[in-house]
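# Close look at the chain arrangement
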Amino acid sequence: SSRHCPWKMNQLPPKSAVASPVSESTNSRLETLDNLSMDSFWLEVENIKQSAEAEQEECSLADVKTQEEGEAEAEWLQDAGLSELLGEPAGDKDNLVLLSTLTRTQAAAVQRRLDTYSRSRRRRNKHPVRDVRDVFATGSSQVAAEKEESSPDPLWHNLRTSNTQRKTQDYSCTVRNPGKEEVFNMDVAYSEQAAVLLKGSFLSESRKLKDGNALTRFKIPKGRLGVTRIGDLSAQDMKKIPTLALIELTALCDILGFELKRNKAAKLKTTEKRLFGVPLNTLLENDQKLLPNTKVPLLLQALLSCLEKRGLETEGILRVSGSQTRIKSLEQKLERDFYSGLFRWDDVHQNDVSGLLKRFIRELPAPLLTAEYLPAFAAVQNIPDLKQRLQALNLLILILPESNRNTLKALLEFLSKVVAREKNNKMNLWNVSTVMAPNLFMHKGLPNKIPEGKEKQLAEGAADVVRMMIHYQDLLWTVSSFLVAQVRKLNESNSKRYQFCDKRIKNLLRKIHTDKDKVEKNQGEPSKVVKAHASLLLKDSLEVHLNNATRVADVLRQFQKNLCQNGWNIVNTVNLLKCNNSTECTNLLLYEVGGNIGEHCLDPDTYLLDLYHINPHAEWIIKQNPSYPRMF
């Protein structure tokens, strides 16, 4: 705790009203880490300190402006897509559409921020903002009844008084059974689940476990609509996810009694470099000129590829530091020769490459976890329940910009490969986490004072967050079903809104009622015949007979059978057919396109009749799996 570094770890303290019980619970869990060596963490801090001292001119700290009362709430409402509630003119009515899709806990979170902002406006004698209850009353929201001030919503009342209740809350956590598999529910909003557990006890997982295989295993139960991963939704629909995730994360924090604070991005000196110290978006723009559709910086791909080929078996990889002099020299050579292809990776020592990797992450002008949400990532350690910690992490990852999220995933996938070679490289999950935590949670652009005596707790907590991101990354890169459902509602509401703008209002009203009747009728049908298109593979459509047992995998198998046996008019199938005259099912995917979704790659276990009832106006299109070599 006596160590000092010019780069400070960021933290998010819990609200004072609940600090005591949560801190006690967190401390009890963190005390179990005493038998886990933190030497790797502090050694990494010292390496960062030495590197920074050698380049003082590049490590100037920027002051973070203190926000006035109400500013944080105003920024939150803007980022949540609710700027119209601030009295600002909006280009469309998306605010109303978004509000109409919120759950009760999400709506309460919006109301709480608006109340705080309204009070600050009144103190400054500014024009009063619009009451969110008036907005909710215009739609078909579950909280329309809140307009009646004489009968306030009981949940909102509970949220207002939750801090008082938590003073006597029982935080005596039951320790989870290591290695046990538990259900991770993604069908119901996390904040709604937390509200149900408001008066219950929380489960805690001992953090003394070095073996990642002994950690609690979570299984996402597949509903009738399957599971949606990040990347399964179209870019248009994914743009709606961060806004919804921010509102849900705030609602979850409200229920748990934590204040969601966000930093302002600090402005650092611009650099003339092309690789190190360059914003992610700038790197990707330059890389995409060479390789279109690049999603992860080419330099990071090269560093990870080099380490995967020659460094995974190296003992102490990532932990054992390379020569600072050589690393600095290699950085200069990369700046000069990387894009020309003249840089020779075979001549570089593995430990120097791992040093370059960590340096690349640290030198980003903004943290990989973003300046705005780095405190929230660090604060996840304060949540007593492991499942709720993962829920918060899942939402934070969905909030990240696409470039940050893709880069983080590439890094975590590599770190998982390092852990998988533990027998040879002597780097288990905890070792890797303690080494990488300082590189992710310490940033020269975000100075922040650490309370005296809290250094050890914050260090262990940061390492534990990295451990969770590595171990549970498959779960964390999943889009919850309740968020997908909200996206569908947004798309449906937007579609109806544009219809109402048409002059032929009576005809449109009649059409809407007709479509609604069709949907209701379809939901009562035990079977249905639809067509799946495969325009890139076949000229004809595939007729599919749906019943309650028909899954996506069944349709793809039926498609293969017809493709190989029925002599269809096949287009460009020279490479499609394997040597044994059969196709590989994993080469093909079924997409849901249109209706209340942009484009959605379907889980093989999705039951199609259920999907049809939810989105009867969509088309189903069979495409080649983009992760496989192209067939044409």
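Rules and cut-offs
The numbers attached to residues start from 1 for each chain and follow its sequence in the written order. For this predicted model, a pLDDT threshold of at least 70 governs which residues receive local features, and a threshold of 80 or more governs which side-chain atom pairs are given and counted, while totals over whole chains, interfaces and linings are taken from all residues. Hydrogens and water are ignored here; the side-chain numbers use all heavy atoms of the structure. Helix and strand definitions follow DSSP, with helices as H or I runs of at least four residues and strands as E runs of at least two, each counted in order from the N terminus. Relative accessibility decides the category of a residue: with a 1.4 Å probe and only protein chains considered, values under 20% of the type maximum give buried, values over 50% give exposed, and everything between is partly exposed. By definition in these notes, contact holds between two residues if any of their heavy atoms fall within 4.5 Å. All accessibility values rest on the Shrake-Rupley procedure with a 1.4 Å probe; residue burial counts only the protein chains present in the view. When DSSP locates at least two bridges between a pair of strands, those strands are taken to pair. The criterion is simple. A nonpolar core is a set of buried Ala, Val, Leu, Ile, Met, Phe, Trp, Tyr and Cys residues joined through side-chain atoms within 4.5 Å. By salt bridge we mean one thing: a side-chain nitrogen of Lys or Arg within 4 Å of a carboxyl oxygen of Asp or Glu. For every residue, the predictor states its confidence as a pLDDT score lying anywhere from 0 to 100. A 3.5 Å cut-off defines polar contacts: any pair of N or O atoms within that distance qualifies, except that in protein one atom must be a possible hydrogen donor and the other a possible acceptor, and neighbouring residues in sequence count only when both atoms are side-chain atoms. The arc refers to the directions leading from the helix axis to the C-beta atoms. The rule is short: rings of Phe, Tyr and Trp, with Trp giving its six-membered ring, pair when the centres are within 6.5 Å, and they are stacked under 30 degrees, edge-to-face over 60, tilted in between. Only Lys NZ and Arg CZ are tested; either one counts as a charge over a ring when it is within 6 Å of the ring centre and within 35 degrees of the ring normal. Axis angles are defined between N-to-C directions and span 0 to 180 degrees, where every axis is a line fitted to C-alpha atoms and, for a helix, only to the segment in contact. Each angle is binned into one of four classes, with values under 35 degrees roughly parallel, values over 145 roughly antiparallel, values of 65 to 115 roughly perpendicular, and all other values oblique. Here the nonpolar group is Ala, Val, Leu, Ile, Met, Phe, Trp, Tyr, Cys and Pro; Asp, Glu, Lys and Arg are the charged ones; every other residue, Gly included, is treated as polar. To estimate the expected span of a helix, subtract one from its residue number and multiply by 1.5 Å.

The next point concerns the overall build of the chain. Broken down by element type, the chain carries 25 helices and 13 strands. Per-residue burial for the chain yields a buried fraction of 53% across its 632 residues. Looking at the chain alone, contacts between residues at least 24 apart form 81% of all its contacts between residues at least 6 apart. In the structure as shown, the chain presents an accessible area of about 29,500 Å², 49% of it carried by carbon and sulfur atoms.

This part covers the pairing of strand β11 (residues 588-594). Burial runs high along β11: six of the seven residues are buried. By the bridge criterion, four bridges tie β11 to strand β12 (residues 597-601) in an arrangement that is antiparallel. Within the sheet, the bridge partner assigned to Glu 592 lies in β12 and is His 600. As consecutive antiparallel partners, β11 and β12 are separated by two residues, and within that stretch Gly 595 has a phi angle of approximately 75°, a positive value.

Time to look at the nonpolar core. Grouped burial of nonpolar side chains is what soluble globular proteins tend to show. The biggest cluster of nonpolar side chains holds 129 residues, and the ones touching the most others in it are Leu 318, Phe 377, Leu 390 and Phe 441. The element best represented in this core is helix α10 (residues 241-256), accounting for ten residues. With 17 residues, the next largest nonpolar core counts Leu 546, Val 552, Phe 559 and Ile 622 among its residues.

A complete count under the given rule lists 23 salt bridges for this structure. The closest approach of N and O atoms between Asp 603 and Lys 222, which form a salt bridge, is 3.2 Å. Here the residue Asp 603 occupies a position in the loop between β12 and α25 (608-614), and Lys 222 occupies one in the loop between β5 (217-219) and β6 (228-229), the gap between them amounting to 381 residues. For Lys 222, a relative accessible area of 44% puts it in the partly exposed group. With a closest N to O distance of 2.7 Å, Lys 456 and Glu 460 form a salt bridge. Note that Lys 456 and Glu 460 are positioned in helix α20 (residues 455-471) at a spacing of four residues, about one turn of the helix. By relative accessible area, Lys 456 is classed as partly exposed at 40%.

A residue-level look at the chain finds 65% of positions with pLDDT of 70 or above and a mean pLDDT of 75. Every residue in residues 57-66 is under pLDDT 50, and counting partners more than four places away or in other chains gives 21 contacts. Across residues 498-522, confidence stays below pLDDT 50; counting only partners more than four residues off in sequence or on other chains, it has 13 contacts.

Attention now moves to the side chain of Gln 381. Locating Gln 381 in the fold gives a position in the loop between α15 (374-379) and α16 (386-399). Here Ala 378 takes part through its backbone oxygen, which lies 3.0 Å from a polar atom of the side chain of Gln 381.

The next thing to look at is the environment of Thr 370. Relative to the elements of secondary structure, Thr 370 occurs in the loop between α14 (350-363) and α15. When its relative accessible area of 8% is taken as the criterion, Thr 370 is described as buried. Sequence separation between Thr 370 and Asn 263 is 107 residues, and the spatial gap between their C-alpha atoms is 9.1 Å. Residues in contact with Thr 370, not counting those within four places in the same chain, are Leu 400, Pro 401 and Asn 404.

Taken together, the buried positions of helix α11 (residues 280-290) are occupied by Leu 280, Leu 283, Leu 284 and Asp 287. For α11, the angular spread of buried residues about the axis comes to 95°, placing them on one side. Its buried side turned inward, α11 meets α12 (298-310), α14 and α17 (402-420).

With the rule as written, the count across this model stands at eight aromatic pairs. Here the aromatic rings of Phe 338 and Tyr 339 are separated by 5.3 Å at their centres, their planes lie at 70°, and the arrangement is edge-to-face. By relative accessible area, which is 13% here, Phe 338 ends up buried. In this structure an aromatic cluster arises from ring pairing among Phe 184, Tyr 190, Phe 218, Tyr 472 and Phe 482. Above the plane of the ring of Trp 76 lies Arg 113, whose end atom (NZ or CZ) is 5.8 Å from the centre. One residue, Arg 224, lies across the ring of Tyr 607, its end atom 3.8 Å from the ring centre.

Interaxial distance between α11 and α17 falls to 9 Å at its minimum, and their mutual angle equals 85°. In terms of their interaxial angle, α11 and α17 are classed as roughly perpendicular. In this structure, α11 uses Leu 280, Asn 281 and Leu 284 to contact α17, whose residues at the interface are Ser 403, Asn 404 and Thr 407. The class makeup of the residues in the contact of α11 with α17 is two nonpolar, four polar and no charged.

This brings us to helix α5 (residues 104-123). For α5, with 20 residues, the first-to-last C-alpha span of 29 Å sits near the 28 Å given by 1.5 Å per residue. With 15 of 20 residues buried, α5 lies mostly within the body of the structure.

Take Tyr 591: it is sitting in strand β11. In this structure the C-alpha to C-alpha distance between Tyr 591 and Ile 621, which are 30 residues apart in sequence, comes to 5.1 Å. Setting aside residues no more than four positions away along its own chain, Tyr 591 makes contact with Glu 599, His 600, Cys 601, Leu 602, Glu 619, Trp 620, Ile 621, Lys 623 and Pro 626.

A few words now on the environment of Leu 307. Considering the arrangement of structural elements, one finds Leu 307 in helix α12. Relative accessible area serves as the criterion here: at 1%, Leu 307 is assigned to the buried category. The spatial distance from the C-alpha of Leu 307 to the C-alpha of Leu 318 is 9.8 Å, given a sequence separation of eleven residues. Residue contacts for Leu 307: discarding those within four places in its chain leaves Leu 312, Ile 317, Gln 350, Val 353, Ser 354, Leu 357 and Phe 414.

With a phi close to 70°, Asn 293 is a non-glycine residue in the positive phi region. Locating Asn 293 in the fold gives a position in the loop between α11 and α12. Backbone geometry at Leu 318 places phi at a positive 80°, although glycine is not the residue there. By secondary structure assignment, the location of Leu 318 is in the loop between α12 and α13 (324-337).

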